[in-house]
Amino acid sequence: SIHLYPYDPAMAVAVDVQTEGLRQLERAERLVELGSSGPRNRRTAVHKSLEQLFGEARARSQGYSSAFSSLPRLLQSPQAQRLERDVADFTLAPQASTKQEDADPSVGLQEFFGFRHERVIVEAVEESYRDCLRCCERHSFDRLQADWEEAKGQFLQNLQRLGENSAVLALCSDGSTVGAQAAIPPLQDAPIIDALLSEPMSPQLVQKIAHLSSASCPAYQAELRECWNILGQELNMTLQSITAGAIKYLQTRFFEEVKGFVYNHTEALGGIPDAWSMVKAHGRLKFQTASFPSNVTHVWYAAYVAARAGLSQLLLQLPEVPGPAERCAMLRPVCHLLARRMQAVQPGEIAPLSGVSQIDSADLLRADVEESSGFQDVLVSLLLGRGFAFGKLPEGTVEDWLWYRLHLVHLLGQDDDQSPDFKNHLEKLRNQAASLGPSHFENIDADGRVPGAGVIPGVPGVAPAMQTLNSVKVLLLTAQFGRALQQLQLQDRSLRGVALHMALLLRRAGTLEAIKVLEAPMDVSAFLCDYASNFAAREQLQYFRALEVSERVQALQRLLLSGAAGDELLGYIDPNGRHRPGLLEQSLQEDGMGDRSEFVELCSKAGRQACEQGQYREAIRLLHLGRCYSEVLQVLCRCLCLPIWREGHDNNEAMSLAQDIQRFFDIYERNLDRYALSSQVWAVARKLYATRMFHSFCDRGEPENALDIFDREQLLALGTESAEASEEIWAEYPRIVADYIRVLSHAAARGAMANYALHERLRQLQCFLARNRLVLDQETHAALAKLGLCC
C-alpha cells in the first residue's frame, strides 16, 4: 500500500540544500586533486584558496544541522547561478590553445589571468574608439547635410531673384530654370506687407520698405535705391506736388554730386562749408583755376550751379559778391527771378524770400540779346518759358534736361495743376520721355557694354550684359508710374517683386489716384494676384492681406477656381460630410472679414462660378462647403451625363472626377435627412449613379456585377407597364439597353444562365422596347436579333 504523507516544505528545502552541498563538495574535491597532481613549485594562491574552500565545505557538510543554512538553486539569483556554473566548469588542467600565452607551460595562473585581463581592457578600448569614430562620422555627416541644405536653399533663392534672363542661370548643371518654378516667395515680401498694414504712412515707412525691397534683388541693389529715392519724393496726392517732388530729387541729387566731386578731389575745406564755399570749390576744380570766379563765364556758371542745386538763398547772395559779378548787369534780376521760381515750385520747402526786386520781361529779352555764355542762355530761356538745346550746354545730361522741362511745366502752367496748360505740358513731356527707348538712356562704353550694369555681388567674373534702370528712373521722374513698373517687370523677372512693392506703396499714398487724369489707373489687385499665383496657396493668402476687402474676396474666388484649393486651403471633409476648417477660413477670421458665414458665402459664389465654367470637381466641393446641397446633386447628375464616360476617357482628370462622385454620393446617402434633400432629385441622382456603375462594370468585363446592379436598381423597370423617367434617365436608356444585351449575349455564350431565365429576360426587354420607342443603333439591333435566335 502507498501511504500519503502531508507535504512539508521545510523538509524538502533541507533535503535539497544538503544534496546540493554534497554535490558542490565533490566538485571542489576533484578540483583539489587535479591541482595537487601538478608540480609543487607551480602551486599559487588560487590553489591554497581552493584547498581552504574544500576544507570549509567538508566541515559544513559534516556538521550540517539547519535546513536553511543555504538557499536552494532555484531560489538563487541569476548572478549567483552564473558564478556557480563558472566555478564548476573551471579546471586547472592545462588545455591546448593556439595562443602563445596559453600554450607556453611557463605561464602561471596569475599571468594567464593577467593576459586575459589585458586583452579584455584592450578590446574594450578599441570598441570604445570605434564607437567614437562612428559617432563622429555620423555627426559630421548630419552637420554637412544641414549646411548643404541651407546653402542650397540660399543659392536657389538668389538665382530665383536674379530671374530667368540672368546669365548666372547657366551655372545650373541640369539646365533647369529656377525662376520658372517660383515656389519660394522672397523673404522681404512678408515684412513689407506687414509694415504696409500696421504702420502709418510716413518717411520712415518708405525708407524701411525701400531698404527691404532693394535687398531682395542684389544685382540691381544700388540702382533700386535711387528709384526708391525718386519714389519717396513723389508720394503725394496732387500733380503739382508730384512734379515738385521730382524737381526736388533732381536738385538734391545734383548738389550731392557736387559735394562728392569736391570731397574726392580736394583736401578738407575746414569746418562745415556753406553753399558758396562748396560752389567755389567745385568751380575751381571744373575750370582748373584757383581764382574762381575770375570772369563772367565763372559767374554765370556759379548761378547755374546754384539754380540747378536749388540753392535759392545763394542765388540772392551771388549779385553781392565783389569781383566779376559787378560787371554782369543782368545777374541780379536773373538770380532774383530764379530764386522766386524756386520758392513758387516748393513753397513749403523754401522760406519766404526777402529783397527780391520786380523784373519785367523786357529786361530778360535784353539779357537774351546780349552776348552771353551757354549757362546764361539756359537760365534766361527757362525764365522766358521757351525751349533750350541742351547739346549746347557743356556736360549736359538727361537729368539736366528733365530738371529744365519740369520747371517749364510749372512755369507755363502757373504752378496750378488744375489748369489745362499744366496738364498739357506735363503730358507732352511724358510722351516725349516715353517715345525714347531704354537704350537712349544707357551709357555705352567703347566695347558696346554698359559699365557696371548688372554686376552680381559674390560671383566674381560674372558680369552679364544687363541694362541699367535709367529708363525706369526717367519714367518715374515724369510721373509715368504704370509704364515704369511695367518696364521693371520686362527688364528682369527678379524685379517683379520690387514693382509690386512700389505699386502697393503708390496706392497707399494716393499717388495713383492723383495721376488717373493722365493715364488709366493701374490694377494693383490684378498685379498682386498674378504675382502671388507663382507661389503656394498658403503664401497667396498672405499676399491677399494687402488688398481691400472687396478685392480680397475676388482674389479668393480666383484662387478657389485656380485648381489649388486642396484640403490645406479649404479644410478636410470627412466621410460623414463634416468639415474641419482650413487655412482660408482661419485667415478670414484672423483678418476680421467675418465669421463662418462669410466663408460659406464665398464658397457658394465660387462654386456656382466653377459650375458655369465647367470646373465640376471644384464646383462639387465648393457648393458642399457653401451648404448648397441640392445644387451639389444637380452638379453630380450633370457629371454623370458627361460624354467622357461614353467616349472611354481614361485620363487622370476623369479618374479624379469619378472618385469625387463616388465620395460625395456616399456622403449624401448617409445624410439625406440632415441635408433636407428632395426625394425626387435624389432618386434621379441615384439612378444616374447606378447607371454609371453598370456601364463601368460592363466596360471592365464584369458581367455578373453589372447584372446584379441592373436588377437591384431596376435600371429599365422591365416589370412595370410604363417607364416614367426624367429626361436625364431617358437619355441613358439606349446605352443601358445596348450594354444589357451585351451582358445577356455573354451569359448565353458561356451558359452562365438557364434557358428559361434568359428567355424570360429577353421577353421583358422586348416588351419594354415595344412600350417605349427608343432609337437603337444598328449594332444593338443586330445583337438583339442574334440573341433572339439563340433563345
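Residues numbered from 1 in each chain as written. Predicted model: local features only at pLDDT ≥ 70, side-chain atom pairs only at ≥ 80, totals over all residues. Heavy atoms only, no water.

Asker: Looking at this structure, I do not really get the overall build of the protein. What am I missing?
Answerer: When helices and strands are counted, the protein shows 37 helices and two strands. Per-residue burial for the protein yields a buried fraction of 42% across its 791 residues. A separation of at least 24 residues holds for 61% of the contacts in the protein among residues at least 6 apart in sequence. Element-wise, carbon and sulfur atoms account for 52% of the exposed surface of the protein, whose accessible area totals about 43,300 Å². (Helix = DSSP H or I, 4+ residues; strand = E, 2+ residues; numbered from the N terminus. Buried < 20%, exposed > 50% of the residue type's maximum accessible area, 1.4 Å probe, protein only. Contact = heavy atoms within 4.5 Å. Areas by Shrake-Rupley, 256 points an atom, 1.4 Å probe, with all protein chains shown as cover.)

Asker: For this particular structure, what's the right way to read helix H35 (residues 727-750)?
Answerer: Think of an α-helix as turning once every 3.6 residues; residues three or four places apart then point the same way. Taking 1.5 Å per residue, 24 residues should reach 34 Å; H35 reaches 36 Å between its end C-alpha atoms and fits that length. At Tyr733, H35 is deflected by roughly 40 degrees, the largest bend along its length, and proline Pro734 occurs up to four residues later in sequence. Taken together, the buried positions of H35 are occupied by Ile729, Glu732, Tyr733, Ile736, Val737, Ala738, Asp739, Tyr740, Ile741, Val743, Leu744 and Ala747. Positive phi appears at Gly751, one or two residues downstream of H35, with a value of about 70 degrees. (Expected span 1.5 Å × (residues − 1). Bend = angle between axes of the 7 residues up to and from the residue.)

Asker: Got a minute to help me understand the packing of aromatic side chains in this structure?
Answerer: The geometry of two aromatic rings is summed up by the distance between their centres and the angle between their planes. Evaluated as defined, the whole model comprises 21 aromatic pairs. Judged by centre distance (4.0 Å) and plane angle (15 degrees), the ring pair of Tyr629 and Tyr675 falls under stacked. Remark: Tyr675 occurs in the loop between helix H32 (652-670) and helix H33 (679-699) and Tyr629 occurs in helix H30 (residues 629-640); sequence separation between them is 46 residues. Across the pair, Tyr675 and Tyr629 agree in class, each one buried. Aromatic side chains Tyr668 and Tyr675 sit 4.9 Å apart centroid to centroid with 55 degrees between the ring planes, which places their arrangement in the tilted category. Across the pair, exposure class does not vary: Tyr668 and Tyr675 are buried alike. One aromatic cluster is present, built from ring pairs that chain together Phe287, Phe292, Tyr301, Tyr304, Phe375 and Trp403. (Phe/Tyr/Trp six-rings, centres within 6.5 Å; stacked < 30°, edge-to-face > 60°.)

Asker: Even after reading the chapter, I still don't get helix H37 (residues 778-790), so can you show me in this structure?
Answerer: Compared with an ideal rise of 1.5 Å per residue, which puts 13 residues at 18 Å, H37 spans 19 Å between its outermost C-alpha atoms and is within 8% of the ideal. For H37, the set of buried residues is Thr780, Leu784 and Leu787. Viewed end-on, H37 has its buried residues packed into an arc of 65 degrees, placing them on one side of the element. Away from the buried face of H37 by more than 90 degrees, exposed residues Gln778, Glu779, Lys786 and Leu789 are located. In this fold, the buried residues of H37 make contact with H35 and helix H36 (755-771). (Arc of directions from axis to C-beta.)

Asker: In this structure, what is going on with the environment of Ala520? I would like to understand it.
Answerer: Residue position: Ala520 is located in the loop between helix H22 (511-514) and helix H23 (524-532). As a C-alpha pair, Ala520 and Gly482 span 38 residues in sequence and 8.6 Å in three-dimensional space.

Asker: Is there a simple way to explain the pattern of salt bridges in this structure?
Answerer: Side chains that differ in charge, positive against negative, can pair when their charged atoms come close. According to the stated counting rule, one finds 33 salt bridges in the structure shown. Taking the shortest distance from any N to any O, the salt bridge between Arg507 and Glu551 comes out at 2.9 Å. Taken as a pair, Arg507 in helix H21 (residues 496-509) and Glu551 in helix H25 (residues 549-560) lie far apart in primary sequence, 44 residues in all. Between Arg578 and Asp574 there is a salt bridge, with the nearest N and O atoms lying 3.6 Å from each other. Residue classification places Asp574 among the buried positions, given a relative accessible area of 17%. (Salt bridge = Lys/Arg side-chain N within 4 Å of Asp/Glu carboxyl O.)

Asker: In this structure, what is going on with the packing of helix H14 (residues 331-345) against helix H17 (residues 398-412)? I would like to understand it.
Answerer: Two quantities define a packed helix pair, namely the angle between the axes and the distance from one axis to the other. Between H14 and H17, whose axes approach to 11 Å, the crossing angle comes to 75 degrees. Taken together, the axes of H14 and H17 lie roughly perpendicular to each other. Contacts from Arg341, Met342 and Val345 in H14 reach Trp403, His407, His410 and Leu411 in H17. Taken together, the residues of the contact of H14 with H17 break down into four nonpolar, two polar and one charged. (Axes fitted to C-alpha atoms, helices over the stretch in contact; angles between N-to-C directions. Parallel < 35°, antiparallel > 145°, perpendicular 65-115°, else oblique. Nonpolar A, V, L, I, M, F, W, Y, C, P; charged D, E, K, R; others polar.)

Asker: Just checking my understanding: could you explain the nonpolar core for this structure?
Answerer: Most often, soluble globular proteins keep nonpolar side chains buried together rather than apart. By size, the foremost hydrophobic cluster in this structure holds 197 residues, and its most contacted members are Phe544, Leu584, Tyr668 and Leu716. Tallying contributions element by element places helix H10 (residues 239-265) first for this core, with eleven residues. What Phe544 contacts, discounting residues up to four positions off in sequence, is Leu528, Cys529, Ala532, Arg552, Ala555, Leu556 and Leu559. (Core = buried A, V, L, I, M, F, W, Y, C linked by side-chain atoms within 4.5 Å.)

Asker: Any chance you could explain the packing of H32 against H33 here in plain terms?
Answerer: In the contact formed by H32 and H33, the axes pass within 12 Å of each other and the chain directions differ by 140 degrees. Relative to H33, H32 is oriented oblique. Viewed along their axes, H32 and H33 form a crossing whose handedness is left-handed. On the side of H32, the interface is formed by Ile661, Gln662, Phe665, Tyr668 and Glu669, while H33 contributes Trp682, Ala685, Arg686 and Tyr689. Residues that form the contact of H32 with H33 fall into these classes: six nonpolar, one polar and two charged. (Left-handed = near helix turned anticlockwise from the far one by under 90°.)

Asker: Whenever I open this one, unusual backbone geometry confuses me. Can you help?
Answerer: Across residues other than glycine, the phi torsion is negative in most instances, and most of the peptide bonds are trans. For the peptide bond that leads from Phe292 to Pro293, omega is -5 degrees, which places it in the cis range. Within the secondary structure, Pro293 sits in the loop between helix H11 (275-287) and helix H12 (296-308). If you check the backbone angles, Ala676 has positive phi at about 55 degrees while not being a glycine. As for its position among the elements, Ala676 is in the loop between H32 and H33. One non-glycine residue, Gln714, lies in positive phi territory at about 50 degrees. Position of Gln714 relative to the elements: it lies in the loop between helix H34 (703-713) and H35.

Asker: Can you walk me through the side chain of Gln615 in this structure?
Answerer: Within the fold, Gln615 resides in the loop between helix H28 (596-612) and helix H29 (616-625). Overall, the relative accessible area of 18% leaves Gln615 in the buried class.

Asker: Mind showing me how you'd approach the side chain of His282 here?
Answerer: Mapped onto the secondary structure, His282 falls in helix H11. For His282, a relative accessible area of 5% puts it in the buried group. Those residues in contact with His282 that sit more than four places away from it in its chain are Val258, Phe261, Val262 and Tyr301.

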